[in-house]
Amino acid sequence: MTREANLLKKIEQGDLTYLDELIACYYPDIFRYCLWHTENRQTAEDAAQETFLRFVRYFDRMAYRNKVKAYLYKIAANVCIDMRTKRRSEELPENLSMRERGYEEAEDEADFLRLVRNLPQHQQELVILRFGQDLTLRECAQVTGLPLRTVQSRLRSALKKIERQLRKGGKENEYE
Amino acid sequence: MNMNKKLKQELSHYGRGEWSQDSLQKTCAAARAAYGEQDRKERIGFWKFVIRQIRFAGGSLWILQAAVLIVTCLTLDIHLHAGASGYGPLGFVLSLASVATAMTGIPYLCRSVRHGMYETETASRVSFAGLLLARLLITGIGNLIMLAAFFALASLKMPLSINAIGYMLLPFSVIWLGIMVLMRLACDQLLPALCAAYSIIIMAALFALYQIVPQVFGQSSVLIWNIVCIVIIAGLAWQIRTMAKKPAYMDGVSM
């Protein structure tokens, strides 16, 4: 039995110490993933918390027993989408400039972050999962619900796009 | 440096170390509280679930099937006494009886849709595939007994080859295939009515076929009935497999 399966079994038996252990194990990665999709640290913390709350609520579902990591990322993705939708519907016109804050921050941080942010949403998500969160291709496919081959081709296409953009920016020598 | 490695190196630093121990503690506390609020249910095995389903609703289904069996047997007996003999008339009445048999399962299979009960049932820690399989099993047992009784009664009146079972199995599987398709696609309270209407249409089609081309029910056509029957049963199996994944009316259920 894997460590993960063992943890789940203990939680099922009602030992909540193991629930803490499971959360502590995945919290940093889920928080980082939420940070990619939210404006700031506070919202990312809220999103990460909501992710684990949903995980607990749907804990009884057997379908994801052997792929907790992918399941958590899937929940996190849904939480971030929900938060974005809610924020858009609540946002007043004068606050619209706030939406770009996260992007501006990313621009200051690194060219790579800016380039990833500029990718189409479906490619951006896969690049974040694969390179930002270090998920395997199979896990990326589980999270996004896409076939493995689609994940591979989209990633390839995203990488080509980033490479092209870097070359345009005169950085081609760095990778040769 | 390789593009993939460089990208991984750059992106993996993003947000690292920004989370606070305090927020992790808060999350753990909130998750513990949420776990405590959950109404933990006992996990039950498939056969235990089938027995519970029999006690819950299977009994009434079997009573209905027994009533239909008695009424149909009496009708069949009267019809056979009235001079219906030979493969043609027998094949026709057997096919009608099999449609009536298949129709008995409609109220039971559609009961969740009728009462909007899927939320409750999927919360019972049994997968939808398990729920569907249990229902098909309970309905199927009653139906098989009914079909066997009809065939035995018809055999008493006239010696029938085992191939004549195709007269019953073909309309029966056509009805079930239609019910499965409707259950997979339909998503409203009209589902039981749609299934019943479909069965009545098949019954009317059989009647029309008997009136227009009675040779279809003749002994020479038995082989064709059986071949078509195998194809339909294969389609039915595929349909059940597809439906077990998730039917349309489950879309509203939070997963």
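Residues numbered from 1 in each chain as written. Chains lettered and ligands numbered in written order. Predicted model: local features only at pLDDT ≥ 70, side-chain atom pairs only at ≥ 80, totals over all residues. Heavy atoms only, no water.

Caption draft 1: Quick look at the overall build of chain B. Secondary structure assignment for chain B yields eleven helices and zero strands. Along chain B, helices (α) and strands (β) appear in the sequence α-α-α-α-α-α-α-α-α-α-α when read from the amino end. Contacts in chain B between residues at least 24 apart in sequence constitute 82% of all its contacts with a sequence separation of at least 6. Working note: accessible area of chain B is about 12,700 Å², and carbon and sulfur atoms make up 69% of it. (Helix = DSSP H or I, 4+ residues; strand = E, 2+ residues; numbered from the N terminus. Contact = heavy atoms within 4.5 Å. Areas by Shrake-Rupley, 256 points an atom, 1.4 Å probe, with all protein chains shown as cover.)

Caption draft 2: Seen up close, the UniProt feature "transmembrane region" (unreviewed entry) in chain B. All names here are of chain B. Feature annotation in UniProt assigns "transmembrane region" (unreviewed entry) to the following positions: residues 56-78, 90-110, 131-154, 160-183, 190-210 and 222-240. Its end C-alpha atoms 35 Å apart, residues 56-78 is made of 100% helix and 0% strand. Structurally, residues 222-240 is divided into 100% helix and 0% strand, and its ends, taken at the C-alpha atoms, are 26 Å apart. (UniProt positions renumbered as here; feature names shortened; annotations may be inferred.)

Caption draft 3: Structural view of the environment of Leu 194 of chain B. Residues and elements named next belong to chain B. Take Leu 194: it is sitting in helix H10 (residues 191-212). Spatially, the C-alpha atom of Leu 194 lies 8.6 Å from that of Ile 179, the residues being 15 residues apart in sequence. Beyond its immediate chain neighbours, meaning those up to four positions away, Leu 194 contacts Leu 182 and Ala 186.

Caption draft 4: Molecular detail of the packing of helix H7 (residues 121-132) of chain A against helix H8 (residues 137-144) of chain A. All names here are of chain A. Put simply, H7 and H8 touch, their axes get as near as 9 Å, and they point 135° apart. Between H7 and H8, the angle is such that the two are oblique. The two elements H7 and H8 meet at a crossing, and its hand is right-handed. Packed against H7, whose contacting residues are Glu 125, Leu 126, Leu 129 and Arg 130, the element H8 presents Leu 137, Cys 140, Val 143 and Thr 144 at the interface. Across the contact of H7 with H8, the residue classes tally to five nonpolar, one polar and two charged. (Axes fitted to C-alpha atoms, helices over the stretch in contact; angles between N-to-C directions. Parallel < 35°, antiparallel > 145°, perpendicular 65-115°, else oblique. Left-handed = near helix turned anticlockwise from the far one by under 90°. Nonpolar A, V, L, I, M, F, W, Y, C, P; charged D, E, K, R; others polar.)

Caption draft 5: Up close: a nonpolar patch on the surface. All names here are of chain B. The grouping of Trp 47, Leu 137, Ile 141 and Ile 145 at the surface amounts to a nonpolar patch, some 410 Å² of accessible area in total. In terms of residue count, the dominant contributor to the nonpolar patch is helix H8 (residues 128-157) (three residues). Secondary-structure assignment places Ile 145 in helix H8. Exposure remark for Ile 145: the relative accessible area of 53% places this residue in the exposed category. (Patch = residues over 30% accessible without salt bridge, like charges linked within 9 Å, V, L, I, M, F, W, Y side chains within 5 Å. Salt bridge = Lys/Arg side-chain N within 4 Å of Asp/Glu carboxyl O. Buried < 20%, exposed > 50% of the residue type's maximum accessible area, 1.4 Å probe, protein only.)

Caption draft 6: Spotlight on the confidence of the model for chain B. All names here are of chain B. Looking at chain B, pLDDT values average 80 and 84% of them are 70 or higher. Across chain B, element-level confidence peaks in H10 with a mean pLDDT of 90 and bottoms out in helix H7 (residues 118-122) with 54. For this predicted complex, the interface confidence reaches an ipTM of 0.75, while the overall pTM sits at 0.52. (pLDDT = per-residue confidence, 0-100.)

Caption draft 7: Examining helix H2 (residues 16-37) of chain A more closely. With 22 residues, H2 of chain A should cover 32 Å at 1.5 Å per step; its first-to-last C-alpha distance of 29 Å lies within 8% of that length. Taken as a whole, H2 of chain A carries its principal kink of about 45° at Tyr 27 of chain A; the proline Pro 28 of chain A stands between one and four residues after it. (Expected span 1.5 Å × (residues − 1). Bend = angle between axes of the 7 residues up to and from the residue.)

Caption draft 8: A look at the nonpolar core. Judged by nonpolar contacts, the single largest core of 62 residues is most densely connected at Ile 30, Phe 55, Val 127 and Ile 162 of chain A together with Leu 7 of chain B. No other element matches H2 of chain A, which puts twelve residues into this core. Two domains each put at least three residues into this core: domain 1 (1-89) and domain 2 (98-176) of chain A. Contacts of Ile 162 of chain A, omitting those with residues within four sequence positions, involve Phe 112, Leu 115, Val 116 and Leu 119 of chain A together with Met 3 and Leu 7 of chain B. Residues Ala 97, Leu 109, Tyr 167 and Leu 170 of chain B belong to the second largest nonpolar core, which totals 57 residues. (Core = buried A, V, L, I, M, F, W, Y, C linked by side-chain atoms within 4.5 Å. Domains from an automatic or database assignment.)

Caption draft 9: Summary view of the confidence of the model for chain A. Residues and elements named next belong to chain A. The predicted model of chain A has a mean per-residue pLDDT of 77, with 77% of residues at 70 or higher. Note on residues 92-109: pLDDT is under 50 here. Beyond four places in sequence and across chains, it has 14 contacts. Confidence over residues 171-176 falls short of pLDDT 50; this stretch has eleven contacts with residues more than four positions distant or in other chains.

Caption draft 10: Looking closely at a positive patch on the surface. Residues and elements named next belong to chain A. There is a patch of like positive charges on the surface, built from Arg 149, Arg 156, Lys 160, Arg 164 and Lys 168. Within the secondary structure, Arg 164 is located in helix H9 (residues 148-168). Judged by its relative accessible area of 49%, Arg 164 is partly exposed. (Lys, Arg positive; Asp, Glu negative; His and termini not counted. Charge placed at Lys NZ, Arg CZ, Asp CG, Glu CD.)

Caption draft 11: Quick peek at the side chain of Asn 143 of chain B. All names here are of chain B. Counting through the fold element by element, Asn 143 comes out in helix H8. In this structure the side chain of Asn 143 is engaged in a polar contact, spanning 3.3 Å, whose partner is the side chain of Thr 104. Those residues in contact with Asn 143 that sit more than four places away from it in its chain are Gln 65, Thr 101, Ala 102, Thr 104, Phe 172 and Trp 176. (Polar contact = N/O pair within 3.5 Å; in protein donor to acceptor, adjacent residues only side chain to side chain.)

Caption draft 12: Just the pattern of salt bridges, in detail. With the rule as written, the count across this model stands at nine salt bridges over all chains. One salt bridge connects Asp 134 of chain A with Lys 8 of chain B, and the closest N-O pair in it is separated by 3.1 Å. Residue Asp 134 of chain A is located in the loop between H7 and H8, and its partner Lys 8 of chain B is located in helix H1 (residues 3-12); the two belong to separate chains. Its relative accessible area of 29% is what places Lys 8 of chain B among the partly exposed residues. Between Lys 26 of chain B and Asp 22 of chain B there is a salt bridge whose closest N-O contact spans 3.7 Å. Of this pair, Lys 26 of chain B and Asp 22 of chain B are both found in helix H2 (residues 21-37), four residues apart, which corresponds to roughly one turn of the helix. One connected set of salt bridges, linked through shared partners, spans Glu 50, Arg 54, Arg 57 and Asp 82 of chain A.

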